[in-house]
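Working through the structure, step by step
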6 protein chains.
Amino acid sequence: MIYVTRRAEFAASHYYHNPKFSAEENRRIFGKCNNPHGHGHNYAVEVTVAGEVDPATGMVMDLKELKKILEKEVLDLMDHRFLNKEVPAFATTIPTTENIAIEIWKLIAPKLRIGKLHRIRLYETPDLFVDYLGE
Amino acid sequence: MIYVTRRAEFAASHYYHNPKFSAEENRRIFGKCNNPHGHGHNYAVEVTVAGEVDPATGMVMDLKELKKILEKEVLDLMDHRFLNKEVPAFATTIPTTENIAIEIWKLIAPKLRIGKLHRIRLYETPDLFVDYLGE
Amino acid sequence: MIYVTRRAEFAASHYYHNPKFSAEENRRIFGKCNNPHGHGHNYAVEVTVAGEVDPATGMVMDLKELKKILEKEVLDLMDHRFLNKEVPAFATTIPTTENIAIEIWKLIAPKLRIGKLHRIRLYETPDLFVDYLGE
Amino acid sequence: MIYVTRRAEFAASHYYHNPKFSAEENRRIFGKCNNPHGHGHNYAVEVTVAGEVDPATGMVMDLKELKKILEKEVLDLMDHRFLNKEVPAFATTIPTTENIAIEIWKLIAPKLRIGKLHRIRLYETPDLFVDYLGE
Amino acid sequence: MIYVTRRAEFAASHYYHNPKFSAEENRRIFGKCNNPHGHGHNYAVEVTVAGEVDPATGMVMDLKELKKILEKEVLDLMDHRFLNKEVPAFATTIPTTENIAIEIWKLIAPKLRIGKLHRIRLYETPDLFVDYLGE
Amino acid sequence: MIYVTRRAEFAASHYYHNPKFSAEENRRIFGKCNNPHGHGHNYAVEVTVAGEVDPATGMVMDLKELKKILEKEVLDLMDHRFLNKEVPAFATTIPTTENIAIEIWKLIAPKLRIGKLHRIRLYETPDLFVDYLGE
């Protein structure tokens, strides 16, 4: 068993707001992130696939294919977008780093034909990131 | 003469649009950056001050003061903001990396009491940055 | 379950010395790190908290609070300090990367009100780091 | 139990080719990596050793010794080499990131006198890496 | 006047050898880099263009076009190649970091329609790079 | 003319203090850096040499020689040292980033046999650095 990770970047904007909270609660809980105009990040996503090395290729899976899945399922959807307004999953869920990582898991897991999705790591900045292992 | 540089980060969103261009021209020239909802970046700004070393302190200037100027003049204005809508300078100017760097120069230069502003470097991503030397 | 990590930096000095070793043993075992005047590093600490996403906030915990804990418990104690002489835990324990990571765990774990401390990663340099998981 | 990681870099070249595949299959499966002249990378390897902290030294193991093992077993063999032609293990195995990581595990594991080899992480580029845990 | 920089990476192999030197001289002068099988690097090139900001676009030049020039003139030629054998310019010139940077200048300068090529910076590793300003 | 840069790291501790200032002035001007026990950094120094490319070698100078000069003149003197107490130049000068960069220039400039020292860049942290060009 070996773990292969591919990293990609995308630029998106978001804001944090729960319509069930009062304006004051939203400001207190979410701070500067509550600004409804949105603000943005250069997100970096690391997708880790676990599998066995195929002796014929020396590889777990074709990484060009993993790159295509990442581009089609995640980057085409989220890159250069205002996540709250333009990504359907975030119409009702707050696009926090946690929720974006979980959403990326849901988008990629069903598309893998070889290996098993092991982990999604999402960096909002180099100093803040989350790991989701699907459970 | 020695050059002292301090780096800071801020997260903001922006989009590129010229109202004098047709919708088609805006799309062709600005591509994905033309999305009016905005998208965002973790900007990194490097402020370089040139000066002589004060023999009494061994420093060109008090960097705690430079940090305060950066925070007050730039970060308080731009961090967690949609630049087009919330920063006055970008109501009429497109907030490209070039124009943001020039604006940061204008904000910081008049506040320095010691030394001379030498360069503003602004990273939009680690792979794309501009340098402005004030002339 | 999701894992949220926040990173912070501090600058400190230290040296390695065991009073039970002879001078020659200290030099052989600890090499350049045995210099009693101390030498220093830009340490980077990554604190990982495991927990469930609160549906109301989309977050495991308020990261502004985690940052405050890190600053109050770790940075206020260790930043710009000579660890051997100024941090009580290192009066009797050698402040190796391993022992500093364990000490940071002890300082942060009891202060978390939500989630569970999962891992402390401490970088002495980008090429040398330790992970402590509390067991 | 604590995990200590040391990182080192080496520059090597390689290419991907399976003599059992047709020329067309090799090109399709391996793409640009199939070029028989080879191409190269600045590889970065992270060796993680798990162990208990020795109370007398505050360390799991002498990292100067781990560095020597890394240099003697891995860097002397692979640095500034064309892996396919000059490293015996890759005469019959394709030097993919996966296989190089597994080979490094085999080279280092038997040389550790203290602690237990926990993980080899190998970066081919900052955007592509594998983890091998020995099982 | 403002300076815009775009960075790109490519993976290539090379070796250093002057046929006018004796085998012994080649080894002494070029060390490990003299290995005729080649070794490789993840090169990073930064292309800096100087120009004035176009008030209609807020940009010196369309960076999508600069990216295309970089890909067509440099990456298509050098990425995943053994520079000595596969890039014509290095049939008679040694592909040192210096000479590669100069060659990249020659490839890009005549293709720019707007602005002026100001600098090529080429990283062989993060610890070794050259700057060429065309004169 | 081309510019070649080599980077190296060293770990040292220092503190800021001017005996002509009162205790209160030292605290106000130097802040946390005034702590007499010292604190430390992973310094990174970049040495840039300007010269012409030797057609016989394709290089400005032998970088193995530049590395040796850096190690002998700078790292042997400053690495794992308390700069104020153990480096003679800092017995009477405050080891600020500015003064350390100037001192490194003085140590390296007279040792270069080929090319001309162009710049010393010294990073105290990734967010704070100085450039000295010798004039």
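Just so we're clear, the structure is a prediction, and the values are computed from it rather than from any experiment.

1. Some words on the environment of Lys85 of chain E
Assignment of secondary structure puts Lys85 of chain E in helix 3 (residues 83-86). Taking the C-alpha atoms as reference points, Lys85 of chain E and Ile120 of chain E, 35 residues apart in sequence, are found 23 Å from one another.

2. With respect to the relation of the copies chain E and chain D
Mapping chain E onto chain D leaves a residual RMSD of 0.0 Å; the transformation is a rotation of 180° accompanied by 0.0 Å of translation along its axis. Such a combination of rotation and displacement between the chain copies is what one expects of a two-fold axis. In terms of proximity to the rotation axis, the leading residue of chain E is Gly40 of chain E, whose C-alpha is 1.6 Å off the axis. Both copies contact each other with a shared surface, as 100% of the interface residues of chain E are interface residues in chain D too.

3. Observations regarding the relation of the copies chain A and chain D
Overlaying chain A on chain D yields an RMSD of 0.0 Å, the required transformation being a rotation through 120° with an accompanying axial translation of 0.0 Å. As the rotation angle and translation indicate, the two copies are arranged about a three-fold axis. Among all residues of chain A, the one whose C-alpha sits closest to the rotation axis is Pro126 of chain A, at a distance of 7.9 Å.

4. Quick notes on the interface of chain A and chain D
Counting residues at the interface gives 18 residues for chain A, matched by 21 residues for chain D. Here chain A packs against chain D, burying approximately 1,600 Å² in sum over the two surfaces, 55% of which is carbon and sulfur. Three residues stand out in chain A for area buried against chain D, namely Ile2, Tyr3 and Thr5 of chain A, and they jointly supply 27% of the buried area on that side. Connecting chain A to chain D are one salt bridge. Across the pair Arg7 of chain A and Asp127 of chain D runs a salt bridge whose closest N-O atoms are separated by 3.9 Å. Across the chain A-chain D interface, the total number found is eight residue pairs in polar contact (both at pLDDT 80 or more). Elements with a minimum of two residues in the side of chain A that touches chain D: strand 1 (2-14) and helix 2 (63-78) of chain A. Take the side of chain A that touches chain D: its biggest share by element is seven residues, from strand 1 of chain A. Class assignment of the residues belonging to the side of chain A that touches chain D gives a composition of nine nonpolar, three polar and six charged.

5. Observations regarding the interface of chain E and chain D
Listed by partner, the interface residues are 20 residues for chain E and 20 residues for chain D. Interface area for chain E against chain D, summed over the two sides, is near 1,600 Å², with a carbon-plus-sulfur share of 49%. Sorting the residues of chain E by area buried against chain D places His37, Asn42 and His80 of chain E first, and these three jointly supply 38% of that buried surface. Applying the counting rule to chain E against chain D returns two salt bridges. In this structure, the salt-bridge partner of Lys32 of chain E is Asp79 of chain D, at a minimum N-O distance of 2.6 Å.

6. Description of the confidence of the model for chain A
Across chain A, the average pLDDT comes to 97, with 100% of residues at or above 70. Interface predicted TM-score (ipTM) for the complex: 0.95; the corresponding pTM is 0.97.

7. What to know about the layout of surface pockets
Residues and elements named next belong to chain C. Of the volumes computed, that of the second largest pocket is approximately 340 Å³. Every residue lining the second largest pocket is counted, 19 residues in all, and those nearest its centre are His17, Pro19, Thr92, Thr93 and Ile94. Here the residues of the lining of the second largest pocket are counted per class, giving nine nonpolar, seven polar and three charged.

Cut-offs applied
- Residues numbered from 1 in each chain as written.
- Chains lettered and ligands numbered in written order.
- Predicted model: local features only at pLDDT ≥ 70, side-chain atom pairs only at ≥ 80, totals over all residues.
- Heavy atoms only, no water.
- Helix = DSSP H or I, 4+ residues; strand = E, 2+ residues; numbered from the N terminus.
- Least-squares fit on C-alpha atoms with pLDDT ≥ 70 in both.
- Contact = heavy atoms within 4.5 Å.
- Buried area = accessible area lost by both parts, 1.4 Å probe.
- Salt bridge = Lys/Arg side-chain N within 4 Å of Asp/Glu carboxyl O.
- Polar contact = N/O pair within 3.5 Å; in protein donor to acceptor, adjacent residues only side chain to side chain.
- Nonpolar A, V, L, I, M, F, W, Y, C, P; charged D, E, K, R; others polar.
- pLDDT = per-residue confidence, 0-100.
- 1 Å grid on protein atoms, 1.4 Å probe; cavity = no way out; pocket = protein on both sides within 12 Å on 5 of 7 lines; lining within 4 Å.
- Points joined across faces, edges and corners; volume = space filled by probe spheres on them.

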